[in-house]
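Residues per chain, in single letters:
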Amino acid sequence: MNQKAFEKIELPNVKNIIVIASGKGGVGKSTVAANLAVSLARQGHKTALVDADLYGPSIPMMFGVQNERPSGETKDGKEVICPVEKYGVKLISIGFFVSSGQSLIWRGPMASNGITQLFRDTEWGEIDFMIVDFPPGTGDIQLTTVQKLNLTGAIIVTTPQEVALSDARKAAAMFANIDLNVPILGIIENMAWFTPVNHPDEKYYIFGKGGGEKLAQEFRVRFLGQIPLVMEIGEVSDKGTTIYNQSNKTIIDSFEAISHVINEVISVKI
Ligand SMILES: Nc1ncnc2c1ncn2[C@@H]1O[C@H](COP(=O)(O)OP(=O)(O)O)[C@@H](O)[C@H]1O
Ligand SMILES: [Mg+2]
């Protein structure tokens, strides 16, 4: 590999970069990344969200900005991208630049270059938390990001069932790898239980119970919290709005509790 492949991307005005990863697709990584970003922004942090899922960018739709395009400007003789801003979060996604389906063909060096450009050529300004929504698994994009950026750490999202946990274990093992050595800030268990809309006090553990916590113990990392499987979460994502625009308080509490724990974990680390 040539020298350039290992060149670090310096983002001196970004205090914390946290990647949201999972072993499997569909466990709610993007949902967690988006709502955590909104929650952190509402707590007064300057927040950015990078949609690094070049193969299936979903952040523009979740924020209802799929028809917007980031503007460009020239700064110090260089072309830079100005992020789209929504709900107090600065957003960048490959979805803003390619039509849906087109990004699916990106592999290897092309994917690595694409992701490098998103980070490097965007005019971020001062950022407290940059949340990065990864594609599932441990491919080129994840490796490039981990090698080129100085990450604060990774958060692993899993659902409670065994098949998701075994894939999450592989993702966690990648970060814990001695060469990459990215701190795992903790595990979030999504779809932890199901609560029907008309029976808000009932909990059904349809995918099993305790899996996320078990994984956290196994890797000796913090269990950051659980998010229930509730219809409203999917609904707000589809509408391009946020958890703050619906009436289920449990969801808001779950995300706010997790963002507080993240703050705590990070300030302890520093
Ligand atoms: N806690 C939840 N409750 C209900 N639906 C959810 C929840 N988390 C995610 N979803 C839905 O599940 C689907 C997959 O979530 P997504 O965040 O796109 O997963 P990933 O990014 O891991 O592939 C989406 O339709 C999303 O709205
Ligand atoms: Mg996703």
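The structure displayed is predicted, hence computed values, not measured ones.

Three or four residues apart is the spacing at which side chains of an α-helix point the same way, because the helix has 3.6 residues per turn. Listed in full, the buried residues belonging to helix H6 (residues 211-218) are Gly211, Gly212, Leu215 and Ala216. For H6, the buried positions fall inside an angular range of 140° around the axis, keeping them on one side. Those residues of H6 that are buried are in contact with strand E8 (153-158), helix H5 (162-176), strand E9 (184-194) and strand E10 (223-229). Downstream of H6 by a residue or two, Arg220 has a phi angle that is positive, lying close to 55°.

This part is about the pairing of E9. On any regular strand, side chains alternate: one points to one face of the sheet, the next to the other face. Counting buried positions over the 11 residues of E9 gives 10, a clear majority of the element. Two strands pair when backbone bridges link them, and E8 and E9 are joined in this way by 5 bridges, in the parallel orientation. In the sheet register, Ile155 faces E9, and the bridge partner there is Gly186. For the handedness criterion, the β-α-β arrangement of E8, H5 and E9 is classed as right-handed. As paired strands, E9 and E10 are joined by 5 bridges and run parallel to one another. Looking across to E10, one finds that Asn190 is bridged to Ile227. The β-α-β motif built from E9, the intervening H6 and the parallel element E10 has right-handed crossover chirality.

Moving on, we get to the sheet that holds strand E7 (residues 127-133). In spatial order, the strands read E5-E6-E2-E7-E1-E8-E9-E10; together these 8 strands make up an open sheet with mixed pairing. The open sheet has two edge strands with one neighbour each: strand E5 (84-86) and E10. With strand direction ignored, the average angle separating the axes of adjacent strands in the sheet is 25°. Note that strand E2 (residues 47-51) and E7 share 5 bridges and pair parallel. Paired with Ala48 across the two strands is Met130, which belongs to E7.

Summed over the entire model, instances satisfying the criterion amount to 9 salt bridges. Note that Lys75 is salt-bridged to Glu123, the shortest N-O span being 3.1 Å. With a gap of 48 residues between them, Lys75 in strand E3 (residues 71-75) and Glu123 in the loop between helix H3 (108-120) and E7 connect regions that are remote in the sequence. Relative accessible area serves as the criterion here: at 35%, Lys75 is assigned to the partly exposed category. Owing to a relative accessible area of 25%, Glu123 belongs among the partly exposed residues under this scheme. Taking the shortest distance from any N to any O, the salt bridge between Lys214 and Glu162 comes out at 3.9 Å. A residue pair is termed long-range when its members are at least 10 positions apart, and Lys214 in helix H6 and Glu162 in helix H5 qualify at 52 residues. Residue classification places Glu162 among the partly exposed residues on the basis of a relative accessible area of 44%. When salt bridges with common partners are traced through the structure, they connect Glu162, Arg169, Lys214 and Glu218 into a single cluster.

Rules used in this analysis
Residues numbered from 1 in each chain as written. Chains lettered and ligands numbered in written order. Predicted model: local features only at pLDDT ≥ 70, side-chain atom pairs only at ≥ 80, totals over all residues. Heavy atoms only, no water. Buried < 20%, exposed > 50% of the residue type's maximum accessible area, 1.4 Å probe, protein only. Helix = DSSP H or I, 4+ residues; strand = E, 2+ residues; numbered from the N terminus. Arc of directions from axis to C-beta. Contact = heavy atoms within 4.5 Å. Pairing = 2+ DSSP bridges. Right-handed = clockwise from strand over helix to strand, strands pointing away. Axes fitted to C-alpha atoms, helices over the stretch in contact; angles between N-to-C directions. Salt bridge = Lys/Arg side-chain N within 4 Å of Asp/Glu carboxyl O.

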